[in-house]
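# Inside the fold
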Amino acid sequence: MKAKLNKAREKSASPAERSHSGTHSANGAGTKFKSGEPIRFNSHGIPDYRLEVPDFHTVEEWVDGEFRYKVEGDLSVEPPPLRDSKYLNKEQTIDIYRYMLLNRKMEQTLENLFKQQKVVGGVYLGLGQEGCSCASAYGLREGDWIGPMIRNQGALLVRGFKPRDVMMQYMAKSGAPTGGRDAGSHFGDKHKHHIAAPISMLGDLIPVLAGVALGARMQGKNIACLTWVGDGGQSTGPTYEGFNFAAVQKLGVILIVENNLWAYSTPVDRQVACRDLADRAIGYGVPGFIVDGTDPNQVYDVTYEAAQRAYAGEGATLIEAKMMRMRGHAMHDAAAYVPKDYFEYWKKRDPIVRMEKYLLEKRWLSEKENTALIAAVQKQIDEDRDFADASPYPEGSTAGERVFCDNAVEIGFGYGKPKFKKSDKQRAAKSTGAVHLS
Amino acid sequence: MHTYLEAIREGIWEEMERDPAVFCIGEDIGVYGGAFKVTEGFIHHFGSDRVIDTPIAEAAIVSAAFGASLTGMRPVAEFQFMDFISCAHNQIVNMVAKSNYRWNAPAPLVLRGPSGGGVSGGPFHSQNPETTYAHTPGLKVICPATAHDAKGLIKSAIRDNNPCLFFEHKFLYRRIKEELPAGDYTVEIGKARTHREGRDVSVITYAAMVYVAQEAAEILAKEGIELEIVDLRTIAPLDREEIANTAKKTNRVIILHEDHKTGGIAGEIAAIINELAFDDLDAPIVRIAALDTPVPFSPPLEKFFLPKVEDVVREARRLRSY
Ligand SMILES: Cc1ncc(C[n+]2csc(CCOP(=O)(O)OP(=O)(O)O)c2C)c(N)n1
Ligand SMILES: [Mg+2]
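All values derive from a computational prediction rather than experimental measurement. (Residues numbered from 1 in each chain as written. Chains lettered and ligands numbered in written order. Predicted model: local features only at pLDDT ≥ 70, side-chain atom pairs only at ≥ 80, totals over all residues. Heavy atoms only, no water.)

## Re the confidence of the model for chain A
Residue and element names in this part refer to chain A. Convention followed: For every residue, the predictor assigns a confidence score, pLDDT, that lies between 0 and 100. Whether two residues touch is decided by their heavy atoms; if any such pair falls within 4.5 Å, the residues are in contact.
The predicted model of chain A has a mean per-residue pLDDT of 91, with 91% of residues at 70 or higher. In the model, residues 1–19 has pLDDT below 50 throughout and makes 43 contacts with residues more than four positions away in sequence or in other chains. Taken as a whole, residues 21–29 scores under 50 in pLDDT and shows 21 contacts with residues more than four places along the chain or in a different chain.

Okay, structure coming up:
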C-alpha cells in the first residue's frame, strides 16, 4: 500500500504563469540572467534560479509489514554545471570554495574527535550544505549581522570565527567562545563578528535579527541581517511572528529557508502542504526566491541582491534553498529512514565537488593550485584541532559567574547614537483617557 | 499628585527624554496610547520610530526588543496584559535571560504590563505570572506597590543592564495617588521597604496586597496588635537581609501574595527565613495566597479566590497568641 503524503503537492494544471507581484521588479535582476536566458518562475510567480527543477517527493509504503519512505520521481538526472555568478570574481569564488573546504574538513575532524570521545555530547554536520552556508554569509558586508543555525557552521567561519573556536565549543573547553557554557554552534559575538547566538528552539532567531535591524536603523544604518531556518524549523510560530514583523517594518532581514528535505526523521512532505516554501513570501508581502542550495553561485547572487535591498531600506527577503541533508540529524542518527536513492541523487550534487569542477573547468584554479589549497586547509584544520585538544576545561567553580551584567559596564551603540525626530511642541507626560479594564 | 499609572508614564517619558537608546514597542501603544493609556501621547511627542505599534505577536515583540538591545538600544516593551507573557515565555527564559551568561551579550530591556486581579478580568486578564520569572536565572522581577516606587523602579529598570520584568498592578493604576518628589529619582532594584513599622507580627508582601495588609493592620491596631508590613518591591532578586531582619524583629511572619499558593514566592521566602532566622521564630510561618485555581471571573468567585483582609486579621491574631 502506498499513499501520497500530501495530495496538494500533486502536479495539477497549474495556473497561468504569472509573477508574484512585487517580486520580479524588486529582485534587482531584471527578467534575464547575465547569460541572457530568461528567469523561470514557479506557478505562483516566485523566481526560481535553479538550472534544474527536479520533480520528486517522498511517499510512504508498507513492505512486509514495515513502514518506510520511498522516493517517487525521476532521480537519474545528471546535475548541470553551476550557474555563473553575476557578481563574483575569480578571487571571491576561490575564497568561497576555500571556506567550503574549511567547513567540511572542520566537520570531518569533529566527527573524528567524536569517535575519539573528545567531544561532549553530539555533533551536527552540514554535509552537502556547505555551499549554501558559506556563500550566503559571503554575500554580506562588514557591519551586517547573521543568526546561524546548526547547519551554518561554515557561516561562522566566513564571519571570522576560527575552526578551533567551533571545535572547542564541541569539546566544552574553556577557550571556546562560550567558555564551555553552551555547546556546538551555540555562540555569537556582538562586537566583532556580529553574530547572534542561536538557542535550540527553532525559528527564534528570526525576530531577534529583525530587532537587530531595527536597532541599527534607529542608529541611522540600514543593515542586512541574515538568518537561516530549516524546512522543519519554519513551521514554528516565532518564524511567522518574526518574519511578519520584519516584513511590516521593512527591516533588512534575509531569511534563507534551508529545505534539506528532512527535519530530523520527518520528510518535508509531512511538514508543509506547499510545494515551494518560497511561496510563503507572497503571504508575507516580501520578495521570494528559489535557488539550488548546492550551487554556491546562485546562493551568493540571491543573498547579495537581498542585501542590496536591505541597505536601500527596501526590507526583507525570503529565499528557499533546496538541497539535502546528507547525514543523519546528528552523529547518533544513521538516517536509516532516508531512501537510499536520495543520497545517490544528491551525492552527484555535492557543492564542493561541483565548485571544484567549476573552478578547474574555468581555469580559475589549476590542479596544482587546487591540491595546494586543499593541503593548506587541512593544515589549518590540523593545527586548530591540536590547539582545541590542548585547551583546558573550564574551572567548575566559575559556573556561578556572570548570570547578570554588572551595571557599571557601559553598553555602547553598535552604529552610533540614535537621532530621532521629535515634535517641536513642548509636552509633558499626562493622560486622562478611558481604559479597557480598571 | 500622581496616580500609580501616571508615575509609570512619567518615568518612561523622562527616560526617553534623557536617553536616545530608550524606545517603546508593543501593541496599540501608539495613537491609542496603550490599552490602559500608559503611553498616551507618546507618539505625538516622540514619533512612530520610537513608539512602535507591532503586530499581535508577543514572541516577536520580546525577540525584537532583545535584538535591538544587542545594538545598544534600551527597549521598553509592553504586554497589553501580563497574562500574554506566556506567549513569549520561550523568548524570555531561553533567549533573553541566558544571553549574558552564554555569550556575554547583556540584554538591557524592560518587559512591562498590567498584572493582577480584583477587576473581574477573568482567567486571562488577571493573572500574576511573576514567580515563574523569578525562578529563571538572569531576570529581574519588579512588582511595585506605590506610585513613588513605580516611577523610581521603572527608571532603574530602564537603566539596568539586565532584562527587567516590570509587573504593574492594574488594580492600583488609578486607585492610588501620591505626591512624588520633584525631578529625577530612582529606586534601587532588589531592596525591600518597610511600609509600616510594627513589633508583633510581620507581613511580607508586595504589590496590591500591601494595601490588604494595611487595612488589616488598621483593624489589628485597635486590638493592640501591631503589624509590620514589608513591601518587597522586587521579587528577583529578593531582599534576603530585610526578610531576615523583620523575622528577627517580630518573630512571627505571614507571607501574603496574590499569586497562587503552590509554587508562589511565599514558599521561597519561608525557606529564606528558615535559613537565616529559624532560631528567632516563635511561631510557624503562615502563607496567605490566592487559591490554586484559575482566576475566576464573577465578582463573588474572584472575591473568594483572592486573599482578604479578614484572612490577614485572623492569622495575625492566631500568631500573636500562638
Ligand atoms: C522548537 C523546537 N522543537 C523541537 C526541536 C528539536 N529539534 C532540533 S533540530 C530538529 C529538526 C530540525 O529540522 P530542520 O528545521 O529542517 O533543520 P535541519 O536539521 O534539517 O537543518 C528538531 C525537531 C527544537 N530544536 N526546537
Ligand atoms: Mg531540514
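## Observations concerning the interface of chain A and chain B
Filter applied, for reference: Buried area: the sum, over both parts, of the accessible surface (1.4 Å probe) that disappears when the two are put together. Salt bridges, as used here, are contacts in which a Lys or Arg side-chain nitrogen is within 4 Å of a carboxyl oxygen on Asp or Glu. By the criterion applied in these results, polar contacts are pairs of N or O atoms within 3.5 Å in which, for protein atoms, one can donate a hydrogen and the other can accept it, and in which residues neighboring in sequence qualify only through two side-chain atoms. Only DSSP runs of H or I covering at least 4 residues are called helices, and only runs of E covering at least 2 are called strands; the numbering of each starts at the N terminus.
Counting from both sides, the interface comprises 65 residues of chain A and, opposite them, 63 residues of chain B. Between chain A and chain B, roughly 5,300 Å² of surface is buried when both sides are summed, and carbon and sulfur atoms account for 62% of that area. At the junction of chain A with chain B, the criterion picks out 1 salt bridge. One salt bridge connects A:D182 with B:R102, and the closest N-O pair in it is separated by 2.7 Å. For the interface between chain A and chain B, the tally reads 20 residue pairs in polar contact (both at pLDDT 80 or more). Contributing elements (two or more residues each) for the side of chain A that touches chain B: α6 (205–218) and α7 (237–248) of chain A. Looking at the side of chain A that touches chain B element by element, the count peaks at 9 residues for α6(A).

## Some details on the site of ligand 1
Residue and element names in this part refer to chain A. The test is simple: Proximity criterion: a residue is near a molecule or strand once any of its heavy atoms comes within 4 Å of it. Where accessible areas are quoted, they stem from the Shrake-Rupley method and a 1.4 Å probe; at the residue level, only the protein chains shown are allowed to cover. When residue character is reported, Ala, Val, Leu, Ile, Met, Phe, Trp, Tyr, Cys and Pro are called nonpolar, Asp, Glu, Lys and Arg charged, and the others, Gly included, polar.
In the vicinity of ligand 1, 13 residues are found, and the nearest of them are R151, S200, G233, N260 and W262. G232 places a main-chain nitrogen or oxygen 2.9 Å from an oxygen atom of ligand 1. Contact distances for ligand 1 include 2.8 Å between an oxygen atom and a backbone N or O atom of W262. Here ligand 1 has 590 Å² of accessible area as a free molecule, and 69% of this is covered by the chains. Residues that form the shell around ligand 1 fall into these classes: 5 nonpolar, 6 polar and 2 charged.

## Quick notes on the nonpolar core
Note the cut-off: Throughout, nonpolar core names a set of buried Ala, Val, Leu, Ile, Met, Phe, Trp, Tyr and Cys residues whose side chains join them through atoms within 4.5 Å. The buried label applies to any residue whose accessible area, calculated with a 1.4 Å probe on protein chains only, is under 20% of its type's maximum; exposed applies above 50%, and partly exposed to all values in between. Those domain boundaries reflect an automatic or database domain assignment.
Counting residues in hydrophobic clusters, the biggest one holds 110 residues, and the most contacted among them are A:W145, A:Y342 and B:I92. It is α6(A) that contributes the most residues to this core, 10 residues altogether. Residue contributions to this core reach at least three from each of two domains, namely domain 1 (2–178) and domain 2 (193–320) of chain B. When residues no more than four places from it in sequence are discounted, the contact partners of A:Y342 are A:F56, A:H57, A:T58, A:V71, A:L75, A:L261, A:W262 and A:M324. A:I94, A:L113, A:V119 and A:V166 belong to the second largest nonpolar core, which has 66 residues in total.

## Looking at the coordination of the magnesium ion (ligand 2)
Residues and elements named next belong to chain A. Under the convention used in this document: Donor atoms are limited to N, O and S found within 2.8 Å of the metal ion, a distance that becomes 3.2 Å for Na, K and Ca. With water left out, some sites might look partial.
In the first shell of the magnesium ion (ligand 2), the protein supplies D231 (OD), N260 (OD1) and W262 (O), at 2.0 to 2.1 Å from the metal. Sequence spacing of the donor residues for the magnesium ion (ligand 2), all on one chain, is D-x28-N-x1-W. Pair noted here: D231 is in the loop between β7 (225–230) and α7 and N260 is in the loop between β8 (253–259) and β9 (262–263), with a separation of 29 residues, a long-range link. The two residues D231 and N260 agree in class, both being buried.

## Observations regarding the packing of aromatic side chains
All names here are of chain A. As a reminder, the rule being used: Between rings of Phe, Tyr and Trp, where Trp is taken as its six-membered ring, a pair exists when centres lie within 6.5 Å; planes separated by under 30 degrees are stacked, by over 60 edge-to-face, and by other angles tilted.
Tallied over the entire structure, the rule returns 24 aromatic pairs over all chains. Geometrically, the ring pair formed by W262 and Y342 is edge-to-face, given 6.3 Å between the ring centres and 85° between the ring planes. Of this pair, W262 sits in strand β9 while Y342 sits in helix α10 (residues 340–347), placing them 80 residues apart in sequence. The exposure classification of W262 matches that of Y342, with both residues buried.

## Comments concerning the domain arrangement of chain B
All names here are of chain B. Each assigned domain of chain B is listed with its residue range as follows: domain 1 (2–178) and domain 2 (193–320). On a C-alpha basis, the centroid separation for the pair domain 1 and domain 2 is 26 Å. Contacts between the two partners involve 26 residues from domain 1, matched on the other side by 23 residues from domain 2. In total, domain 1 and domain 2 occlude about 1,900 Å² of area from one another, counting both sides; carbon and sulfur atoms represent 59% of this. Interface area lost by domain 1 to domain 2 is led by S120, T131 and C143, which between them contribute 25%. Summed over the shared surface of domain 1 and domain 2, the number is 2 salt bridges. For the salt bridge of D149 with R193, the shortest nitrogen-to-oxygen distance reads 3.3 Å. Our enumeration of links across domain 1 and domain 2 arrives at 13 residue pairs in polar contact (both at pLDDT 80 or more). Those elements that provide at least two residues to the side of domain 1 that touches domain 2 are α6 (130–134), β6 (140–142) and α7 (147–159). The residue makeup of the side of domain 1 that touches domain 2, split by class, is 12 nonpolar, 11 polar and 3 charged.

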